[in-house]
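Working through the structure, step by step
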Amino acid sequence: MKQGFARVASVAPRVNVADVDFNVAQIVASAESLSRQDVELAVFPEMSLTGYTCGDLFLSTTLVDAAARSLSIIVDASVKYDIDLVVGLPIRHRGTLYNCAAVVRGECVDLIPKTYIPNYSEFYERRWWHPVEQAAEPATISVGDVNATFHSRPAVIDCRGLKLGVEICEDLWTPVPPSSRLALAGATVIANLSASDDLIGKYSYLSGLILQQSARCIAAYIYAGAGFGESSTDLVFDGKAIIAENGHILGKSPRWTDGPDVTIADIDIEALEADRRRITTFADCAARELSGVVVDRCPDFRDPKPCSQLLKYRDIDPRPFVPAGDAEIDARCSEITNIQIAGIARRLSFINCKTIVVGISGGLDSTLALLVAVGAFDRLGLDRKGIVGVTMPGFGTTDRTHDNAIALMNALGVTVKEISIVPAVNQHFEDIGQNPENHDVTYENSQARYRTMLLMDLANRLGGIVLGTGDLSELALGWATYNGDHISMYGVNAGVPKTLVRYLVRHFARRSDDRVMSATLYDIIDTPISPELIPAETDGTIKQKTEDLVGPYELHDFFLYYMLRYGFEPARVYSMAVKAHDGQFDKETILKWMKVFYRRFFSQQFKRSCMPDGPKVGSVCLSPRGDWRMPSDATAALWLKSLDNI
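The model shown is predicted, which means the values in this text are computed figures rather than measured ones.

**Observations regarding the overall build of the chain**
Summing up its helical and strand segments, the chain has 20 helices and 20 strands in all. Taken over the C-alpha atoms alone, the chain extends approximately 100 × 50 × 45 Å along its principal axes. When each of the 646 residues of the chain is scored for burial, the buried share is 57%. Of the contacts made within the chain by residues no fewer than 6 positions apart, 73% connect residues no fewer than 24 positions apart. Accessible surface, the chain: about 26,700 Å² in total, of which carbon and sulfur atoms supply 49%.

**Re the pairing of strand S14 (residues 261–268)**
With respect to burial, S14 is a largely interior element, seven of its eight residues being buried. One ladder, built from eight bridges, connects strand S1 (residues 5–12) with S14; its direction is antiparallel. Its bridge partner being in S14, alanine 9 is matched across the sheet by isoleucine 264.

**Some thoughts on the pattern of salt bridges**
The full count for this structure, using the stated rule, is 32 salt bridges. We note a salt bridge from aspartate 268 to arginine 572, for which the minimum N-O separation is 2.3 Å. Within this pair, whereas aspartate 268 is found in strand S14, its partner arginine 572 is found in helix H17 (residues 570–580), the two being separated by 304 residues in sequence. In this structure, aspartate 268 and arginine 572 share a single accessibility class: buried. Here aspartate 330 and arginine 511 are joined by a salt bridge, their closest N and O atoms 1.9 Å apart. Here aspartate 330 is found in helix H7 (residues 326–351), whereas its partner arginine 511 is found in helix H13 (residues 498–511), with 181 residues between them in sequence. Residue arginine 511 is classed as partly exposed on the basis of its relative accessible area, which comes to 44%. Put simply, Asp198, Asp238, Lys240 and Arg255 are held in one network by salt bridges that share partners.

**With respect to the nonpolar core**
Ranked by size, the top nonpolar core spans 54 residues in total, and within it Ile74, Val109 and Leu111 carry the most contacts. Looking at this core, the elements with two or more residues in it are S1, helix H1 (20–35), helix H2 (61–81), strand S3 (84–93), strand S4 (96–105), strand S5 (108–113), strand S6 (139–143) and strand S7 (146–150). At 10 residues, H2 tops the list of elements feeding residues into this core. When residues no more than four places from it in sequence are discounted, the contact partners of valine 109 are Leu71, Val75, Ala102, Val103, Val104, Val146, Asn147, Ala148 and Thr149. In this structure, Leu164, Leu182, Leu193 and Ala244 belong to the second largest nonpolar core, which totals 49 residues.

**Some thoughts on the side chain of asparagine 404**
With respect to the secondary-structure elements, asparagine 404 resides in helix H9 (residues 399–412). Given a relative accessible area of 8%, asparagine 404 falls into the buried group. Among the polar contacts made by the side chain of asparagine 404, one reaches the side chain of aspartate 523 at a distance of 2.8 Å. Setting aside its immediate chain neighbours within four residues, asparagine 404 contacts Thr520, Asp523, Ile524 and Thr527.

Definitions and limits used
Residues numbered from 1 in each chain as written. Predicted model: local features only at pLDDT ≥ 70, side-chain atom pairs only at ≥ 80, totals over all residues. Heavy atoms only, no water. Helix = DSSP H or I, 4+ residues; strand = E, 2+ residues; numbered from the N terminus. Buried < 20%, exposed > 50% of the residue type's maximum accessible area, 1.4 Å probe, protein only. Contact = heavy atoms within 4.5 Å. Areas by Shrake-Rupley, 256 points an atom, 1.4 Å probe, with all protein chains shown as cover. Pairing = 2+ DSSP bridges. Salt bridge = Lys/Arg side-chain N within 4 Å of Asp/Glu carboxyl O. Core = buried A, V, L, I, M, F, W, Y, C linked by side-chain atoms within 4.5 Å. Polar contact = N/O pair within 3.5 Å; in protein donor to acceptor, adjacent residues only side chain to side chain.

As structure tokens, this is what we get:
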């Protein structure tokens with residue numbers, strides 16, 4: 001593993017039924033090829049040394065002995081090519097035959113017998129294979145010239161730091177697959193050696209099983225299914241090489257080829273382990289259910305070779321908060337807006353309130369807050385005039401944002417108020433001795449705090465509440481004025497990252513029958529993000545652009561997601577960011593803004609410690625009452641030191 005990633009492969013090679021020499025040669029050739037691609041672990045199908053469809057030839061000593069002798073060739077290949085291999089073969093033990101997977105870690109070999117032997121429909125495996133007896137201890141046996149450990153109980157095998165569990169074909173289809181207990185015992189990677197034949201609809205069903213099991217086990221799942229060359233006397237096998245991770249397909253081979261079918265993926269072991277620590281019921285389930293599983297303590301006999309190209313076989317989404325594809329984005333937006341609307345509706349209903357006051361700047365966040373407020377009023381059957389939208393032009397307000405704010409409020413039919421803050425803030429500057437030509441933090445924050453005071457006092461007079469507009473990304477960076485836009489009675493956008501806000505606004509724009517409103521929303525989407533606290537350029541355009549000051553939100557949301565969702569160390573997040581944003585941001589830019597992110601995230605915790613109520617909408621949230629509890633005086637030194645070493 002390197003930085004918590006492990007490169008694995010699923011292989012469905014071409015086979016000749018009962019031709020052990022041919023089949024072993026295919027496996028060795030694959031091992032050589034995969035080692036050149038820095039693959040650490042490769043999984044092959046059920047009975048990959050003999051072919052699955054040998055029938056009663058499995059009762060032949062000639063075939064079983066040939067498979068046993070060939071295991072030493074697999075061991076030599078594992079040593080020579082520095083790769084761990086999982087292959088399938090028949091094993092004679094205690095006077096009977098077992099359908100086994102051999103986990104070959106150089107000279108260390110573990111044999112895992114198939115747990116459930118199907119004997120229905122087209123399967124009649126009990127004719128050859130014995131179900132494993134749950135013996136207390138593993139046994140050392142000879143397989144040809146190789147000494148191997150025969151595990152009578154499901155065992156977790158240590159492969160170069162990977163905790164590997166193995167099940168074979170039918171095991172996955174049972175009500176309680178062995179992989180469930182293997183995962184509870186610590187296996188983060190499950191290998192399934194399979195020879196599942198193809199029937200109408202079976203591939204889709206099987207894919208669902210693999211996804212569900214990888215998600216349920218919070219594990220990676222490597223499925224290698226028998227392919228071309230198996231006997232077609234009664235059945236056909238298409239060669240399935242599928243790798244899944246925690247409910248997501250990382251890769252799968254094309255079907256119906258002449259083989260070999262190969263899928264390679266970089267699986268994220270650290271993310272899996274982080275999720276298991278976070279989801280406390282996983283450990284609770286292990287304590288209740290775990291029994292009869294052995295954790296193998298055979299030491300790793302060599303250091304794993306670093307990957308020459310980290311993450312070559314893994315895509316990293318540059319926008320982890322935004323789904324891929326319009327349909328998925330649309331579904332996500334619909335879900336989020338319904339959560340926001342429900343949150344506002346419940347709060348209004350509980351306090352018997354029919355008035356909301358919200359500041360409308362003509363920017364994305366306040367636009368989203370207004371749109372979902374309207375949705376909540378419509379849901380409760382309240383008059384939209386009870387929503388008081390207030391635009392408060394100041395020293396930096398541009399005609400573009402002001403006009404968009406007015407047009408939007410008029411299109412939505414809410415109450416429109418305009419209050420210039422310029423006279424009052426100038427008086428405030430005089431009172432505190434602030435030079436209005438000095439555009440420092442006092443100049444900016446005075447405007448933000450005065451706007452919040454206006455909204456609060458107006459809400460008091462009208463018997464309403466102030467709806468906050470700040471989003472998750474701003475909370476992470478502390479990009480809010482303490483006791484200014486940082487405060488409200490309900491922060492409806494608190495769980496929404498900035499990279500997703502524009503898609504939510506677009507969601508409303510696409511569904512609007514009002515051409516003026518739709519055009520206004522699209523123009524708001526295209527407007528540069530700015531607090532507009534500094535006077536505009538001479539031509540009236542926005543001068544103060546947020547992303548010029550704190551960095552691109554696309555990068556900050558990426559850092560935020562992987563820091564909070566998985567707790568990854570900065571150097572690892574940096575490597576992932578370089579891969580994800582290749583061609584968009586160079587390494588120096590990514591590193592620069594990462595340092596800004598960690599400095600601001602730690603120094604601004606005091607604002608998050610007293611943030612208002614607001615609905616959680618996704619897996620990442622900064623509410624001090626739920627997902628994120630952090631001291632306000634914690635230091636970022638360790639995180640910054642990690643970045644200094646890059």
